Amino acid sequence: MSLKRAVVVICDGLRADMVRPEWTPNLSRLAQYSRSFTKHRSVFPSTTRTTAASIATGCHPARHGLEGNCVALDEGNGLAAVSVGPAGFRERLKKATGQTLRVPTLSERLVNSGGAIVFSNVSPGAAYFHDPDGHGFVFHRSGSFGPGLQKIDVGEHLNVSHDAAGDTEMTTRFCDEVLSQRKPAYALLWQCEPDHTQHAKPLGSPEHLDVIRTADANVGRVADHVERLNDAGEDMLLIVASDHGHETVERTLPLSDLLVEAGLKECAHSTDVVVASNGLSAHIYVSDEARLRLNDIIEFLNKADGIAQVFSGEQLKELGHRTDTPLAISVTTERNNSENSFGIPGLSIAIDDSLLSDNNPGCGQHGGLGSFEQNPFLMIRGGGFVPGSECVNDSSAVDLAPTILRHLGVAGEGMDGCPLARG
Ligand SMILES: [Zn+2]
């Protein structure tokens, strides 16, 4: 019997419309042997950490509990915005709420079925939320961990730079060690590029196109490696995707300050009403004491310059969020399809964030529901997926985990997503 395994490669932030033969020759070649999902979508917010948790669990934030790249937590002194990015966030979340993710990850589901190894070069928070409780292995430059969150020795630790060169070095180790030697049932390689550069340089700029080419070359190496293993008798499913796209930041909006000026929030650091920016969207958390102001806040947001959509109550459920927590409102910003200076369409407004420095006007950002940030690419090769075919039905990041488990022959109940149609 052939050995079934699943391999996922993510090019963080690569827009589907940027998968082009001249920029991504390897992805374009891979598409000929894969099933491409042309209406693939991220989750909301379209942020790396939230999407990582959705890929790991097959669930939307309402069920896995990681609501954004930035969330509000009550750690004993009232609500405050906290970034999910630092390595210590999982412990803070566990201390504040009693748990990390609220549903099992692929690493947990596969603990007795071949195991999981994650190699990630994005933020520590995004890496660790693939397996926050340590069922398998997570390798990351901020610290690599094995089962039981046992720290991995310096010699074996993934000590790579947070850039394209680091992605390339990580890819070499992934092919040699993970795919050829350790052979877990589930192996994930998550490159930081092109997202990392997109936040700092204009979309379509020479620096941006350089890192797209590197990310694409790394995908090509993994795909060739998987093909050789399949030719040697294995039955490996290869999923290559991005987690979200990007839009260009046209300007920023000081939403928290505007709420203070309107008398709807006490002061900049007050705990009554807390704005957690997710780039091109924001969550607004409202304490029990401030709930009487909720309708006034919604009315203000509906009229606010730069805000496109306001979601509250049952509308939050449709976005994939709970309706029974302090997360009371989500907003997206206004956008248009005009081009940036390099001819790349999609301009949007970012919401000011005291915790992040990723809102750079003229450069890329994401987090909302814009057409480009919500159109990541997805292609699947092997496992019975029809080569060279296209699926034009909706698919989502939450569909990856059930698709992987179906290939591995492991039960995948209790997920929001569904296994994707092979053809
Ligand atoms: Zn990302």
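A quick note: this is a predicted structure, and the numbers were derived from the prediction, not measured.

Asks: Before we move on, can you summarise the pattern of salt bridges with the specific residues and values?
Replies: All told, the structure shown has 18 salt bridges when counted by the stated rule. Two residues, Arg-5 and Glu-234, come together in a salt bridge whose shortest N-O distance is 2.9 Å. Taken together, the positions of Arg-5 in strand S1 (residues 4-11) and Glu-234 in the loop between helix H9 (206-231) and strand S10 (235-241) put the pair 229 residues apart, joining distant regions of the chain. Take Arg-5: its relative accessible area is 2%, and that puts it in the buried class. Within this structure, Arg-5, Lys-183 and Glu-234 form a network of salt bridges that share partners.

Asks: Let's hear about helix H13 (residues 400-408): which residues, and what values?
Replies: Among the nine residues in H13, eight count as buried, and that is most of the element. Residues Leu-400, Ala-401, Pro-402, Thr-403, Ile-404, Leu-405, His-407 and Leu-408 constitute the buried set of H13. Positive backbone phi, approximately 75°, marks Gly-409, located one or two places after H13.

Asks: Describe the sheet that holds strand S16 (residues 335-339), listing the residues and the values that go with them.
Replies: Pairing is mixed in the open sheet, where four strands are placed in the order S16-S17-S11-S18. Because the sheet does not close on itself, it has two edges, and the strands there are S16 and strand S18 (364-365). As paired strands, S16 and strand S17 (residues 345-351) are joined by three bridges and run antiparallel to one another. Bridging from a neighbouring strand, Glu-339 pairs with Pro-345 of S17.

Asks: How would you sum up the environment of Leu-110? Please name residues and give values.
Replies: Tracing the backbone shows Leu-110 in the loop between helix H5 (106-109) and strand S5 (116-120). Not counting the four nearest positions on each side in its chain, Leu-110 is found in contact with Gly-115, Tyr-186, Leu-405, Leu-408 and Val-410.

Asks: Kindly report on the packing of aromatic side chains, identifying the contributing residues and their values.
Replies: Under the definition given, this model contains seven aromatic pairs. When the ring of Tyr-128 is compared with that of Phe-145, the centres are 5.5 Å apart and the planes differ by 80°; the resulting orientation is edge-to-face. Placement of the pair is Tyr-128 in helix H6 (residues 124-128) and Phe-145 in strand S7 (residues 145-146), with a sequence separation of 17 residues. In this structure, Tyr-128 and Phe-145 share a single accessibility class: buried. The lysine or arginine in question, Arg-15, covers the ring of Phe-372, its NZ or CZ lying 3.9 Å from the ring centre. In this structure, Arg-90 packs its charged tip against the face of Tyr-128, placed 4.2 Å from the ring centre.

Asks: Requested: an account of the pairing of S10, with residues and values cited.
Replies: Most of S10 is tucked away, with seven of its seven residues classed as buried. Both faces of S10 are covered, namely the face carrying Asp-235, Leu-237, Ile-239 and Ala-241 and the face carrying Met-236, Leu-238 and Val-240. Relative to S10, S1 is paired through seven bridges, and the arrangement is parallel. Within S10, the residue paired with Val-9 across the bridge is Val-240. Sheet analysis places S10 next to strand S19 (residues 378-381), joined by four bridges and oriented antiparallel. Bridge pairing in S19 links Ala-241 to Leu-378.

Cut-off values and rules
Residues numbered from 1 in each chain as written. Predicted model: local features only at pLDDT ≥ 70, side-chain atom pairs only at ≥ 80, totals over all residues. Heavy atoms only, no water. Salt bridge = Lys/Arg side-chain N within 4 Å of Asp/Glu carboxyl O. Helix = DSSP H or I, 4+ residues; strand = E, 2+ residues; numbered from the N terminus. Buried < 20%, exposed > 50% of the residue type's maximum accessible area, 1.4 Å probe, protein only. Pairing = 2+ DSSP bridges. Contact = heavy atoms within 4.5 Å. Phe/Tyr/Trp six-rings, centres within 6.5 Å; stacked < 30°, edge-to-face > 60°. Lys NZ or Arg CZ within 6 Å of the ring centre and 35° of its normal.

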